[in-house]
Structures are given as C-alpha cells and as structure tokens.
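Observations on the three-dimensional arrangement
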Amino acid sequence: MARHARLTLLLWVLVLPVAVLGAGRFNAALATGDVTIEGSPSHQAAQLVAERFADLPPETDVAVLHSDRLDYDDTPFRTLVQTALHRFRAIDQVAAVTDPGQAPDRLVSADRRTVLIPIAIRGDAAARQALAGELAQVAADLATADISVEVTGTSPLAAASIERANEDLARSDAVALPVAAVILLVAFGSLVAAALPLALGGVAVVAAFGLLGALSSVISFNAFTRTAVTMLSIALGIDYALFMITRFREELLADSAPASYAELARQRAGRVAAVGRTVATAGHAVAFSGVAVMVCLAGLLLVDSARVRGMAIGMIAAVAVMVALALTVVPALLALLGPRVNALALPWARRRLRNPDPERSIWARIADVSLRRPILVAGLSLVALLALTVPVIGLRYGVADQVGPVADTAAGRGFARMTEQFPSGTTAPVEIVVARDHGPLDAADLEAIARVSRAAAADPAVAGVTSITSVLDERAGGHTPEVVAAAHREGWLDDAGSLISPGLDAAIISVTPRHGPYAEQTADLVHRLRATVPEIGAAVGRTVLVGGAPAQLVDIAEQNATATPVVIAAVLGAAALILLLAFRSVLLPATAVLMNVCTVGAACGAMVLIFQNGYGADLLGLNHDGFVQVFIPLTAFTLVFGLSMDYEVFLVSRMQEAWQATGDNRAAVRAGITHTARVITAAAAIMVAVFGAFMLTDISDVQQLGFMLAFAILIDATVVRLFLMPALMRLFGRWNWWLPGWTFPPKRP
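In this report, we go over the structure that sits alongside the text. Per chain, the residues get numbers from 1 upward, laid out in the order the sequence is written. Only residues with pLDDT of at least 70 get local features here, since the model is predicted, and only at 80 or more are side-chain atom pairs given and counted; chain-wide, interface and lining totals rely on the full set of residues. To obtain the side-chain values, all non-hydrogen atoms of the structure were used and water was disregarded.

The next point concerns the overall build of the protein. When its secondary structure is counted, the protein shows 25 helices and 10 strands. In this scheme, a residue with accessible area under 20% of its type's maximum is buried, one over 50% is exposed, and one in between is partly exposed, where area comes from a 1.4 Å probe on protein chains only. In the protein, which comprises 749 residues, the share counted as buried stands at 55%. The long-range share in the protein, meaning contacts at least 24 apart out of those at least 6 apart in sequence, stands at 81%. Summed over all atoms, the accessible surface of the protein reaches about 30,200 Å², with 61% contributed by carbon and sulfur. Computing the positive centroid from 55 side-chain charges and the negative centroid from 62, the protein places the two 17 Å apart. By definition, any uninterrupted DSSP run of H or I lasting at least four residues is a helix, any uninterrupted run of E lasting at least two residues is a strand, and each is numbered from the N terminus. By definition, residues are in contact when any of their heavy atoms lie within 4.5 Å. Residue exposure ignores everything except the shown protein chains as possible cover, and the areas themselves are Shrake-Rupley values with a 1.4 Å probe. Lys and Arg are tallied as positive, Asp and Glu as negative. Neither His nor the chain termini are counted. Positions of charges follow a simple convention, taking NZ of Lys, CZ of Arg, CG of Asp or CD of Glu.

Okay, the pattern of salt bridges next. When a carboxyl oxygen of Asp or Glu lies within 4 Å of a side-chain nitrogen of Lys or Arg, that pair is called a salt bridge. Counting across every chain of the model gives 23 salt bridges. Two residues, Arg 164 and Asp 408, come together in a salt bridge whose shortest N-O distance is 3.1 Å. With Arg 164 in helix α6 (residues 154-188) and Asp 408 in the loop between β5 (397-398) and α15 (410-421), this pair connects stretches of sequence that are 244 residues apart. The buried category is assigned to Arg 164, whose relative accessible area is 15%. A network of salt bridges, in which partner residues are shared, links Arg 436, Asp 442, Asp 445 and Arg 542.

What follows is about the packing of aromatic side chains. Side-chain rings of Phe, Tyr and Trp, where Trp is taken by its six-membered ring, are said to pair if the distance between their centres is within 6.5 Å; with planes under 30 degrees apart they count as stacked, over 60 as edge-to-face, and otherwise as tilted. Applying the stated criterion to the full structure yields eight aromatic pairs. Judged by centre distance (5.8 Å) and plane angle (65°), the ring pair of Phe 26 and Phe 221 falls under edge-to-face. Of this pair, Phe 26 sits in helix α1 (residues 5-29) while Phe 221 sits in the loop between α7 (191-215) and α8 (223-254), placing them 195 residues apart in sequence. Each member of the pair, Phe 26 together with Phe 221, is buried. With a centroid separation of 5.7 Å and 70° between ring planes, the pair formed by Phe 611 and Phe 707 is classed as edge-to-face. With Phe 611 in helix α21 (residues 587-612) and Phe 707 in helix α25 (residues 700-732), this residue pair connects regions lying 96 residues apart in the sequence. An identical accessibility class is assigned to Phe 611 and Phe 707; each is buried. What links up through ring pairs into an aromatic cluster is the set Phe 26, Phe 209 and Phe 221. Two limits define a charge over a ring: the Lys NZ or Arg CZ must be within 6 Å of the ring centre, and within 35 degrees of the ring normal. A cation over a ring is seen here: Arg 78 above Tyr 72, with NZ or CZ 4.1 Å from the ring centre.

Taken in spatial order, the four strands of this open sheet run β7-β8-β6-β9, and their pairing is antiparallel. Sheet topology places β7 (462-466) and β9 (543-548) at the edges, where each strand pairs with a single neighbour. Here the strands of the sheet are splayed against their neighbours by 20° on average, with no regard to which way each runs. Across four bridges, β7 lies against strand β8 (residues 506-513) in antiparallel orientation. Counterpart to Gly 464 in the pairing with β8 is Thr 512. The sheet strands contacting helix α2 (residues 41-52) are β6 (430-435), β8 and β9, and the helix crosses β9 at an angle near 105°. Inter-axis angles, ranging from 0 to 180 degrees, are taken between N-to-C directions of lines fitted to C-alpha atoms, where helices are fitted over the stretch in contact. Contacting β6, β7, β8 and β9, helix α19 (residues 520-539) crosses the sheet at an angle of about 165° to β9. DSSP bridges decide pairing: two strands pair if at least two such bridges lie between them.

This paragraph deals with the side chain of Thr 522. Note on placement: Thr 522 falls in helix α19. A residue is classified by how much of its surface remains accessible, and Thr 522, at 1% relative accessible area, is buried. Excluding its chain neighbours within four sequence positions, the residues that come into contact with Thr 522 are Pro 513, His 515, Gly 516, Pro 517 and Pro 550.

Turning to the nonpolar core, a few remarks are in order. Grouped together as the largest cluster of nonpolar side chains are 165 residues, with contacts concentrated most on Tyr 240, Met 315 and Phe 691. When sequence neighbours within four positions are dropped, the list of residues in contact with Phe 691 reads Met 231, Ala 235, Leu 643, Gly 706, Leu 709, Ala 710 and Ile 713. Side-chain atoms within 4.5 Å are what join buried Ala, Val, Leu, Ile, Met, Phe, Trp, Tyr and Cys residues into a set we call a nonpolar core. Core analysis: the next-biggest nonpolar cluster, separate from the first, contains 32 residues, Val 483, Leu 499, Ala 507 and Leu 525 among them.

Another aspect to go through is a positive patch on the surface. Like-charged residues within 9 Å of one another, or nonpolar side chains (Val, Leu, Ile, Met, Phe, Trp, Tyr) within 5 Å, are grouped into patches, provided each residue has over 30% relative accessible area and no salt bridge. A cluster of basic residues, Arg 372, Arg 373, Arg 666 and Arg 730, forms a positive patch at the surface. Within the secondary structure layout, Arg 373 lies in the loop between α13 (362-372) and α14 (374-389).

Strands belonging to one sheet form pairs held by backbone hydrogen bonds; the direction of such a pair is parallel or antiparallel. The sheet built from four strands is open, its strands ordered β2-β3-β1-β4 with antiparallel pairing. Edge positions in the sheet fall to β2 (94-97) and β4 (148-152), since each of these pairs with one other strand and no more. Pairwise comparison of adjacent strand axes, ignoring direction, gives a mean angle of 25° for this sheet. Of the strand pairs in this sheet, strand β1 (residues 59-66) and strand β3 (residues 114-121) are connected by eight bridges, and their pairing is antiparallel. When the bridges of β3 are listed, Thr 60 appears paired with Ala 120. Along the sheet, helix α3 (residues 75-89) contacts β1, β2, β3 and β4; its crossing angle with β3, the most-contacted strand, is approximately 10°.

Right, let's get into the packing of helix α23 (residues 632-662) against helix α24 (residues 665-693). Where α23 contacts α24, the two axes come as close as 8 Å, and the packing angle between them is 155°. With respect to each other, α23 and α24 are oriented roughly antiparallel. As α23 runs across α24, the sense of the crossing is right-handed. Amino acid classes used here: Ala, Val, Leu, Ile, Met, Phe, Trp, Tyr, Cys and Pro are nonpolar; Asp, Glu, Lys and Arg are charged; the rest, including Gly, are polar. A breakdown of the residues in the contact of α23 with α24 according to their chemical character gives 17 nonpolar, four polar and two charged. Oblique is the label for any angle not covered by the other classes, which are roughly parallel (under 35 degrees), roughly antiparallel (over 145) and roughly perpendicular (65 to 115). Crossing handedness: left-handed means the near helix sits turned counterclockwise from the far one by under a right angle, and right-handed means the same turn made clockwise.

Let us look at unusual backbone geometry. The backbone of Arg 112 sits at a positive phi, close to 60°, despite the residue not being glycine. By relative accessible area, which is 28% here, Arg 112 ends up partly exposed. Of note, the phi angle at Leu 504 is positive, near 60°, even though the residue is not glycine. Structurally, Leu 504 can be placed in the loop between α18 (481-490) and β8.

Okay, a nonpolar patch on the surface next. There is a patch of nonpolar side chains on the surface, built from Leu 577, Leu 580, Leu 581, Val 586, Trp 735 and Trp 738 and spanning about 580 Å² of accessible area. Mapped onto the elements, Trp 735 comes out in the segment after α25. For Trp 735, a relative accessible area of 52% corresponds to the exposed category.

Note that Thr 599 resides in helix α21. Owing to a relative accessible area of 0%, Thr 599 belongs among the buried residues under this scheme. Spatially, the C-alpha atom of Thr 599 lies 6.6 Å from that of Ile 715, the residues being 116 residues apart in sequence. When neighbours within four sequence positions are excluded, Thr 599 is seen to be in contact with Val 640, Ala 712, Ile 715, Asp 716 and Val 720.

The next thing to look at is the side chain of Ser 216. Tracing the chain through its elements places Ser 216 in the loop between α7 and α8. When its relative accessible area of 16% is taken as the criterion, Ser 216 is described as buried. Residues in contact with Ser 216, not counting those within four places in the same chain, are Arg 25, Ala 29 and Phe 221.

The subject of this paragraph is the packing of helix α16 (residues 443-457) against α19. Two numbers describe how α16 lies on α19: the axes approach to 9 Å, and their chain directions differ by 160°. Taken together, the axis directions place α16 and α19 in an arrangement best described as roughly antiparallel. At the point where α16 passes α19, the crossing takes the right-handed sense. Together, Ala 448, Arg 451, Val 452, Ala 455 and Ala 456 of α16 and Leu 529, Val 533 and Ile 536 of α19 make up the contact between the two elements. Here the contact of α16 with α19 is composed, by residue class, of seven nonpolar, no polar and one charged.

The structure is reproduced here in structure tokens:
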C-alpha cells in the first residue's frame with residue numbers, strides 16, 4: 001500500500017460516494033427487526049397463522065380519539081368517528097378499519113370519552129413502519145379543538161423510536177467526537193496526527209453503513225444495530241489508526257536522530273520502509289485484533305433470533321471495514337505524510353516529539369510497581385474485580401417497555417391514553433391457535449375452543465377473550481359445525497375473519513391481558529396458558545399453540561437463557577485458539593481468557609447494581625428498570641471479549657518482540673507496557689468516551705450496552721492491563737512463552 005499510496009486513496013475516494021448511497025439505503029431500510037425465535041412455540045404459532053390465515057393482515061394499529069368535553073354520544077364526536085373511518089379506509093395499505101359502533105363494549109371507554117378505531121394494515125415490517133407517517137398525518141388532520149386523534153401500535157411506536165434514536169445518535173456523536181479529539185491531541189501533541197484517526201472514524205461509519213446498505217436487501221437490520229455499529233465503527237476506527245500512527249512515529253525515529261527529519265522527508269524509501277515495519281508490527285496486531293473481534297461477535301450467530309443474528313452480522317461487517325481501512329488507507333496516508341504526521345505540533349508537546357523517552361514515563365513507573373510486588377498487585381486486582389462481579393448472582397432479565405422513551409410523541413401519547421381507559425394488553429393480545437390437519441373444525445374441536453376460551457377468561461390476569469365460539473354463542477346461540485357452515489354461507493362470518501381461517505380448519509383465540517406485553521404478570525400469564533390449554537387440545541387430538549407478542553417476549557427470554565452458556569463457551573474457546581496462534585503460548589491465552597472473564601463479570605456486576613438495583617441511577621441520569629435487558633449481557637460479553645483482545649494483542653505483541661530479542665521476561669513485560677501503555681490508555685479513553693456518550697439516550701437497552709462497554713474498557717485498560725496482567729506475567733516468568741515443541745530463546749545481556 002505504501003508504494004501505491006495515491007492509487008489506494010483514489011480507490012477509496014471512488015468507493016465513498018457509493019458508500020454514501022448505501023448508507024442512505026441502510027437508514028431507510030431500518031425497521032423494528034424480527035423478534036421471533038426460530039422454532040419457538042410463538043414462532044410455530046405465527047407460521048401456522050401465516051399458513052391457514054393467508055390474507056390476515058400482519059398488524060393492527062389503533063386510532064385513539066379522546067375528548068375532555070365531549071363523549072361518544074355527542075354528534076360532533078360521532079361525526080368525526082365516521083370521517084376518520086372514511087379517511088383511514090381510503091389508504092391503499094390499509095386492509096380493514098373497524099367501526100367502534102360494532103363493538104362498543106371493547107372499543108368505547110366506560111366514560112365514553114375515549115374511542116378506539118382498529119386499523120388493520122398490510123405489508124412487511126419496513127412498509128408498515130413507513131405507513132406510520134401517513135397514518136399520523138391523517139390523524140393530525142382529523143384532530144379538532146375538542147377531540148384529539150392519535151395513532152398508536154407496533155409500527156407507529158417503532159417509527160417514533162427510530163426518530164428518537166436518530167436524535168440520540170446525533171447527540172451522542174456531538175459529545176463523543178469532541179472528547180475524542182481532545183484525547184488525541186493530548187496523546188499525539190500534533191494536530192495532523194490527531195486529525196487522522198478522527199477522519200478515519202468518520203469514514204469508517206460511512207463505509208460500514210454503505211456495506212450494510214448493500215446487505216439490507218437480504219438481511220433485516222434494526223435501529224439498535226445501527227447504534228451498535230456506530231459505536232463500534234467510531235471506536236475501532238480511531239483506535240486502529242491510533243495504534244498504526246503511534247508505531248509509525250516510532251519507526252521514523254528508529255534509525256535516525258531527530259535532526260534527520262528533513263532528510264527523511266526527502267527520502268521516499270525511508271518513509272516506505274517505516275510504513276512497512278509499521279504494517280508488519282502494528283498492522284499485524286490490528287489484523288489479529290480484527291479477526292478476534294469478528295470471531296467473538298460470531299458467537300451471537302448461535303442465538304436462534306433473526307434480530308440478534310442481524311445485529312451480529314452488522315457488527316462483523318463493520319469490523320471488517322475497520323480492518324480494511326486501517327491496513328490500506330492509514331499506511332497510504334502515512335507514506336505520503338512521512339514526518340509531516342507530526343506537523344502543527346502543540347507548543348507543550350514539541351519537546352516530547354523530538355525526544356521521546358518512554359523509559360522514564362509514568363507508565364514505566366507503574367510497570368515497576370507491578371513487577372516489584374506481583375503477588376500483592378495481582379491479589380488486590382483480583383479481589384476488586386471479584387467484588388464487582390458478586391452482584392451478577394442476583395441478575396434478573398427483562399424486556400424494557402419501549403413506549404417510555406417516546407412518551408412525548410403522538411404515538412406515545414395515544415398509547416398512554418389508550419392504556420388509561422382500556423386494558424394495557426389491548427394492542428398486543430396473546431393468540432392461542434387451534435388447528436386440525438385435515439378438514440373443517442368438527443364439534444369436538446369447537447367445544448375444545450370453547451373450553452380453552454373459558455379457561456383463559458378465568459385467569460385473573462386476563463381482561464377479555466374473543467374466539468369464534470364466543471362470537472357464535474352471542475350471535476347464533478351456539479357453536480356447532482352446522483352454525484359455522486351456515487354463518488360461512490351467509491357471509492357474516494367474514495366479520496370474524498381474524499378468528500377462523502377461510503378453510504374453517506383453524507381458529508385464533510384472542511386473549512387480552514390486563515397488563516402490557518412487557519409486564520411480568522403477562523409473562524406469567526403466558527406460562528400458565530402454555531401449561532394448561534395444550535392439554536385441552538390434546539384431549540381431542542388437536543394442535544394448540546400459544547403465540548402473539550407477549551409469547552414472543554417470553555420465548556426471547558428463554559432463548560437468552562439457553563443460548564448464553566453456548567455462546568460463552570464458543571467465544572472462550574475461539575478466543576483462546578486465536579491467542580494461541582498469535583503468541584504460540586499456552587499460558588498467555590489462558591490468562592487472557594481469565595482476565596477477560598473477570599472484566600466482563602465486573603462490568604456486568606456494576607450494571608446490575610445501577611440498572612437493576614438502582615444504586616446511583618438517579619445521580620447518573622440512567623434508567624432504573626429493576627432488571628437487565630435481555631441479550632445485553634450476552635452482546636456486551638462478545639464485544640468486550642473482542643475489544644479486550646484488541647489491547648491484549650497490541651500489548652503482548654510488543655512484549656513478544658522484546659522477549660524474542662532479549663529472552664528476558666521481566667524486561668519484555670516492562671518494555672511492552674512502557675511502549676504501549678500511553679497509546680492503549682488513549683485508545684481506551686476514546687472508547688469510554690464513545691460508549692459512554694450513548695448513555696445520554698433514554699432507551700434502556702442502549703444505555704445498558706453503552707455503560708457496560710464503557711465500564712469494561714475502563715477496567716480493562718487500567719486494573720487489568722496496567723496491574724493484573726504484568727503482575728501475573730512476572731509471576732509466571734519464562735513459562736509465559738512456553739509451547740510444547742518450542743524452545744525458549746537464550747537470555748541475552
């Protein structure tokens with residue numbers, strides 16, 4: 001790359017406009033994501049519904065009409081309802097709109113001042129989400145001085161969440177990037193050197209989004225994926241550039257006195273050689289680090305969730321872009337700049353740039369402390385990390401209510417208004433699917449449906465149950481197969497199209513919980529229904545599945561519990577293997593895995609203390625949810641493990657160079673720390689700033705991920721890399737570098 005620097009940069013300049021277009025496509029295609037767990041009971045129920053109810057709209061949103069002065073019986077209110085029905089039915093993507101007058105007991109509040117208009121809509125998740133804007137505009141046009149009109153539901157709330165995420169993302173970047181710029185200035189002491197990582201971080205985000213835009217035609221990405229990719233792209237883009245530039249500056253001085261800068265500037269071969277040595281050392285570490293991060297993230301592909309897998313693929317693609325940029329663009333820029341990378345040096349940093357002396361730095365003194373008292377330092381470090389890990393014992397998982405962060409939007413206000421007057425589970429019912437393999441439902445099947453309906457209605461957590469048998473009982477006085485056939489011939493059964501399939505071979509029992517889909521009481525309801533209603537179906541040989549949004553959330557939690565030990569074992573094994581290949585040592589991978597586990601445990605424990613137990617949450621302005629968001633610890637585990645190995649590879653690679661040159665373990669450990677601690681600390685500080693800035697959002701899962709990553713990196717770069725690691729390596733001595741079949745290099749004076 002150094003010999004063809006201009007060509008390399010030209011190619012990237014040509015790629016960037018394409019990436020910008022891809023980034024636009026990526027942002028436009030963002031959706032809530034598929035939350036189904038493949039093979040779960042809720043997924044099986046959804047598949048059965050899709051098969052038997054082919055024309056059933058996938059989503060029903062709700063227009064909420066409310067007045068403080070008028071009620072539903074007043075002429076202006078009824079007139080507006082009829083106008084709303086007409087306006088919503090005129091939208092192409094709307095499949096059906098229900099007149100509240102047809103079911104006033106379910107759609108008109110007890111005080112008759114709030115009215116619901118269900119709106120069934122077609123299309124995939126992205127199309128339904130795009131429709132949310134049009135529905136909101138129609139609602140805004142319908143609203144009067146006396147009557148408010150707001151549309152809420154899955155897609156309207158998702159659209160509001162993405163818009164809020166866009167605002168949060170811009171605010172986080174506005175905080176993280178200036179802080180990163182200051183850290184880079186302090187670390188490099190040069191405006192040019194500091195500007196390069198920042199520029200690369202920006203390019204990294206655009207390039208990563210561009211690649212994901214190309215992938216979005218086959219993979220669904222959600223707003224959380226974009227947030228994670230943004231965090232990772234900025235942090236890794238800056239860090240990798242930081243590592244490369246730092247090593248390049250050292251290589252420029254390796255064979256020349258400071259006075260020879262002018263001569264080096266005129267000697268292109270000298271610059272190319274320095275770039276070559278940089279790529280062979282720091283570049284090698286960056287490549288291994290990138291592979292390690294991608295392999296760790298690949299552990300998330302073991303989770304049977306399209307949403308989690310989409311997020312994993314997005315982050316893996318982003319890391320691949322970072323590595324490609326670091327190994328192509330950075331060497332090309334360094335080859336062109338040469339010593340000018342130190343241009344525009346700050347006054348207080350000029351002396352350090354001319355006469356760097358890492359052997360007398362504060363990092364050398366810290367290393368000496370760990371090397372002189374290894375048992376004490378290692379013991380105190382481990383005790384501190386284990387103490388922070390203890391709260392993990394009480395870890396509770398949950399799913400945060402996604403309405404809170406958008407409570408001030410029209411969709412959020414509509415949802416709040418609806419839940420004030422109607423059961424919180426109105427827009428997210430539990431769906432019990434009863435089906436037979438061949439032929440229409442017979443008398444035994446219908447009686448089983450009636451029994452399931454009565455059993456569900458008897459549960460104290462249920463606000464209401466609607467089924468084909470309850471409708472038939474009300475309208476025809478019975479639910480025999482003859483009544484079903486007559487209703488089907490006469491056409492009035494079409495009004496119950498969401499309750500019985502067109503082939504009359506399957507039925508959906510809609511159970512409205514008293515609490516919202518995210519509530520613990522609703523999860524308990526799903527468990528009770530799954531424990532009882534399948535037995536009723538089994539008695540007549542019929543399949544009975546419990547699905548719907550609340551059941552999906554239950555299945556997500558269960559998949560998290562099932563996948564966690566599998567993912568952890570896979571990541572630990574892969575990380576150990578990568579480090580074994582990188583350092584040709586048995587002990588170094590083992591200690592690295594141990595230290596990373598301690599780091600993740602401490603960060604997770606701190607997250608439990610703040611977000612679950614509430615200690616310091618108000619002081620820090622963070623959400624006190626009473627639980628930890630499902631999949632956040634697992635996602636953070638894979639990320640932290642990968643990012644920790646980033647520092648591990650960079651630090652130990654430098655130690656290994658010194659070890660191979662001297663055969664002196666203590667000198668190698670000290671050399672590694674004194675030459676890399678400054679850049680690792682700067683890189684960690686940037687990551688902490690980037691990840692910490694995402695805690696400014698009101699969205700719980702983003703807050704928790706940002707906190708756990710920031711805290712883990714802080715611990716890793718200080719307690720682990722400056723104290724625990726050198727102390728352990730001092731204790732293990734030459735065995736750090738042992739591998740069966742390899743011999744120790746002779747110790748040199």
